[in-house]
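Residue-level structure breakdown
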Amino acid sequence: MKEKEPTIALIVPCFNEAASVAGFVERVSASCDAANARFVVIAVDDGSTDNTYQAWTDQVEVQQNLNIRVIRLSRNFGKEIAISCGLHHCDSDATIIMDVDLQDPPELIPRMIEAWRDGFDSVIAVRSKRESDSTLKRASAALFYRLMGRIADVEIPAQAGDFRLLSKRLVLALNAYPERTRFMKGLFATLGFEQKLLYYDRSPRAK
Ligand code: UDP
Ligand code: MG
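Cut-off values and rules
Residues numbered from 1 in each chain as written. Chains lettered and ligands numbered in written order. Predicted model: local features only at pLDDT ≥ 70, side-chain atom pairs only at ≥ 80, totals over all residues. Heavy atoms only, no water. Helix = DSSP H or I, 4+ residues; strand = E, 2+ residues; numbered from the N terminus. Buried < 20%, exposed > 50% of the residue type's maximum accessible area, 1.4 Å probe, protein only. Contact = heavy atoms within 4.5 Å. Areas by Shrake-Rupley, 256 points an atom, 1.4 Å probe, with all protein chains shown as cover. Polar contact = N/O pair within 3.5 Å; in protein donor to acceptor, adjacent residues only side chain to side chain. Donors = N, O, S within 2.8 Å, 3.2 Å for Na, K, Ca; no water. Near = heavy atom within 4 Å. Nonpolar A, V, L, I, M, F, W, Y, C, P; charged D, E, K, R; others polar. Axes fitted to C-alpha atoms, helices over the stretch in contact; angles between N-to-C directions. Left-handed = near helix turned anticlockwise from the far one by under 90°. Salt bridge = Lys/Arg side-chain N within 4 Å of Asp/Glu carboxyl O.

**Points about the overall build of the protein chain**
Summing up its helical and strand segments, the protein chain has 7 helices and 7 strands in all. Secondary structure of the protein chain in N-to-C order comes out as β-α-β-α-β-α-β-α-β-α-β-α-α-β. By residue count, 49% of the 207 residues in the protein chain fall in the buried class. Contacts spanning at least 24 positions in sequence make up 82% of the contacts within the protein chain whose residues lie at least 6 apart. A total accessible area of about 10900 Å² is found for the protein chain, and carbon and sulfur atoms account for 50% of it.

**Description of the side chain of Ser167**
Checked against the element boundaries, Ser167 lands in strand E6 (residues 160-167). Classification of Ser167 as buried rests on a relative accessible area of 4%. Within polar-contact distance, the side chain of Ser167 engages the side chain of Asp121 at 2.5 Å. If near-sequence neighbours (up to four positions away) are discounted, Ser167 is found in contact with Asp93, Ala94, Trp116 and Asp121.

**With respect to the coordination of the magnesium ion (ligand 2)**
Bound to the magnesium ion (ligand 2) are the protein donor atoms Asp101 (OD) and Gln103 (OE1), situated 2.0 to 2.1 Å from the metal. For the pair formed by Asp101 and Gln103, the shared burial category is buried.

**Thoughts on the site of ligand 1**
In the vicinity of ligand 1 lie 15 residues, with Pro13, Glu17, Asp46, Asp101 and Arg205 positioned nearest. A distance of 2.6 Å is found between an oxygen atom of ligand 1 and a side-chain nitrogen or oxygen belonging to Glu17. Compared with its free state, where it exposes 530 Å², ligand 1 has 75% of that area covered by protein. A class-by-class count of the residues in the shell around ligand 1 yields 4 nonpolar, 3 polar and 8 charged.

**Quick look at the packing of helix H1 (residues 21-34) against helix H2 (residues 52-62)**
Their axes nearest at 9 Å, the elements H1 and H2 cross at an angle of 40°. H1 and H2 meet at a crossing whose hand is right-handed. In this structure, H1 uses Val21, Ala22, Phe24 and Val25 to contact H2, whose residues at the interface are Ala55, Trp56 and Gln59. Split into classes, the residues belonging to the contact of H1 with H2 amount to 6 nonpolar, 1 polar and no charged.

**So, the pattern of salt bridges**
By the definition in use, this model includes 10 salt bridges. Asp99 serves as the salt-bridge partner of Arg202, at 3.9 Å between the closest nitrogen and oxygen. Here the residue Arg202 occupies a position in the segment after strand E7 (195-201), and Asp99 occupies one in the loop between strand E4 (94-97) and helix H4 (109-117), the gap between them amounting to 103 residues. Taking the relative accessible area as the measure of exposure, Arg202 reaches 11% and is therefore buried. Here Asp99 falls in the buried class, since its relative accessible area comes to 13%. A salt bridge links Arg205 to Asp101; its shortest N-O distance comes to 3.2 Å.

That is the geometry; function is a separate question.
Right under this line is the structure:
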């Protein structure tokens, strides 16, 4: 008997990203074809003031093969809340959080799913270099991880963004946290579970 295909949700927070949406969907659907899974894209429009919401609903019409759902927040809450909202609205076997600007390469999706199939609850994409970021951004990021390493009890993997895959039970655990002010990377780290790191080169923002 053929094994049932797992469902994978992609949570995509978006703030004023109308120009990025179509290109994102195109690259994602190409990468998703390679993975043996059913995908649902959960776009969270974080109170955009441009046509982001329209751009997504257009894609719902155009992309008959990709299941796309759009959540529209009443105002801009910030990326962390937008992600939390998406996590509360997914019911998939695994969930991947990714930016819409293609700085998180969709081509990594099949590798993330493979690691999850191998039994990891958390698969974290780690930037192997940040050449596309400005010197200031790189320096501030380095300082940030150094300081967090000092003050936090838990270890936050350096150079890891929010781009990651989470198993269903990890999402359930995360959703049980009542915190309103969220630092997702910190929360992920406190939860434990077995994690795997995947290295990739971060490209510049597409639009
Ligand atoms: N984003 C969001 N709400 C905000 C700011 C950003 O949902 O208030 C989204 C944005 O559209 C993108 C992701 O979060 O998909 C990362 O944002 P950005 O590319 O600006 O951050 P960076 O790449 O510098 O970390
Ligand atoms: Mg970006």
